[in-house]
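# Tertiary structure, described
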Amino acid sequence: ATLKDARTLTTITLGLRFNQIKDSGAQALASLKDAPSLTTLTLDLEGNQIGAVGAEALANLKDTPSLTNLTLGLRFNQVGNNGAQ
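All values reported here derive from a predicted model rather than from experimental measurement.

Thresholds applied
- Residues numbered from 1 in each chain as written.
- Predicted model: local features only at pLDDT ≥ 70, side-chain atom pairs only at ≥ 80, totals over all residues.
- Heavy atoms only, no water.
- Helix = DSSP H or I, 4+ residues; strand = E, 2+ residues; numbered from the N terminus.
- Rg over C-alpha atoms; globule rule 2.2 N^0.38 Å.
- Buried < 20%, exposed > 50% of the residue type's maximum accessible area, 1.4 Å probe, protein only.
- Contact = heavy atoms within 4.5 Å.
- Areas by Shrake-Rupley, 256 points an atom, 1.4 Å probe, with all protein chains shown as cover.
- Lys, Arg positive; Asp, Glu negative; His and termini not counted.
- Charge placed at Lys NZ, Arg CZ, Asp CG, Glu CD.
- Pairing = 2+ DSSP bridges.
- Axes fitted to C-alpha atoms, helices over the stretch in contact; angles between N-to-C directions.
- Parallel < 35°, antiparallel > 145°, perpendicular 65-115°, else oblique.
- Nonpolar A, V, L, I, M, F, W, Y, C, P; charged D, E, K, R; others polar.
- pLDDT = per-residue confidence, 0-100.
- Right-handed = clockwise from strand over helix to strand, strands pointing away.

If you tally the helices and strands in the protein chain, you get 3 helices and 3 strands. Its helices and strands in sequence order give the protein chain the pattern β-α-β-α-β-α, from N to C terminus. Computed over C-alpha atoms, the radius of gyration of the protein chain comes to 12 Å, within 12% of the 12 Å expected from 2.2 N^0.38 for 85 residues, which places it in the range of a compact globule. By residue count, 32% of the 85 residues in the protein chain fall in the buried class. The long-range share in the protein chain, meaning contacts at least 24 apart out of those at least 6 apart in sequence, stands at 86%. A total of about 5,000 Å² of accessible surface is found on the protein chain, and carbon and sulfur atoms cover 50% of it. In the protein chain, 7 side chains carry a positive charge and 7 a negative one; their mean positions are 2 Å apart.

What follows covers the sheet that holds strand β2 (residues 40-44). Read across the sheet, 3 strands follow the order β1-β2-β3 without closing on themselves; strand pairing throughout is parallel. The outermost strands of the open sheet, each flanked by one partner alone, are β1 (11-15) and β3 (69-73). With direction set aside, neighbouring strand axes in the sheet form an average angle of 5°. Relative to β3, β2 is paired through 5 bridges, and the arrangement is parallel. Bridging across to β3, L41 finds its partner in L70.

On to the packing of helix α1 (residues 22-30) against helix α2 (residues 52-59), then. It is the contact of α1 with α2, at a shortest axis distance of 8 Å, that shows an interaxial angle of 10°. On the basis of their axis angle, the class for α1 and α2 is roughly parallel. Judged by residue contacts, D23, A26, Q27, L29 and A30 of α1 engage A52, V53, G54, A57 and L58 from α2. Grouping the constituent residues of the contact of α1 with α2 by class yields 7 nonpolar, 2 polar and 1 charged.

Another point: the confidence of the model for the protein chain. Predicted confidence across the protein chain gives a mean pLDDT of 92, with 93% of residues reaching 70 or more. Per-residue pLDDT, averaged within each element of the protein chain, yields its smallest value for helix α3 (residues 80-84) (65) and its largest for β2 (98).

The next subject is the environment of G51. On the secondary structure map, G51 appears in the loop between β2 and α2. Each C-alpha atom, one on G51 and one on L74, is 10.0 Å from the other, the two residues being 23 residues apart in sequence. With near-sequence residues (within four places) excluded, G51 lies in contact with D23, Q78 and V79.

With that out of the way, let us pick up the pairing of β1. As defined by bridge partners, β1 adjoins β2 across 5 bridges and the pair is classed as parallel. Each residue of the ladder has a partner; that of I12, found in β2, is L41. Handedness of the crossover joining β1 and β2 through α1 is recorded here as right-handed.

Okay, here's the thing in structure tokens:
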């Protein structure tokens with residue numbers, strides 16, 4: 001089972017600064033959009049070499065049906081103009 005499959009999970013806070021998760025890690029975290037009860041999500045992803053592809057995947061978290069609070073920390077990444085839109 002994964003975090004996105006936890007039916008009663010409502011809040012996630014992850015501090016993953018400077019862990020080199022890159023775009024692939026950001027895309028994996030973006031799968032949390034399928035978590036059925038998630039209302040609050042905080043991801044501190046500072047300094048993880050995340051580019052436009054990863055930023056776009058994370059942006060899709062806004063479409064999580066039950067999510068009311070989303071905080072993304074993306075300082076010191078390579079998001080670029082495309083990923084920032």
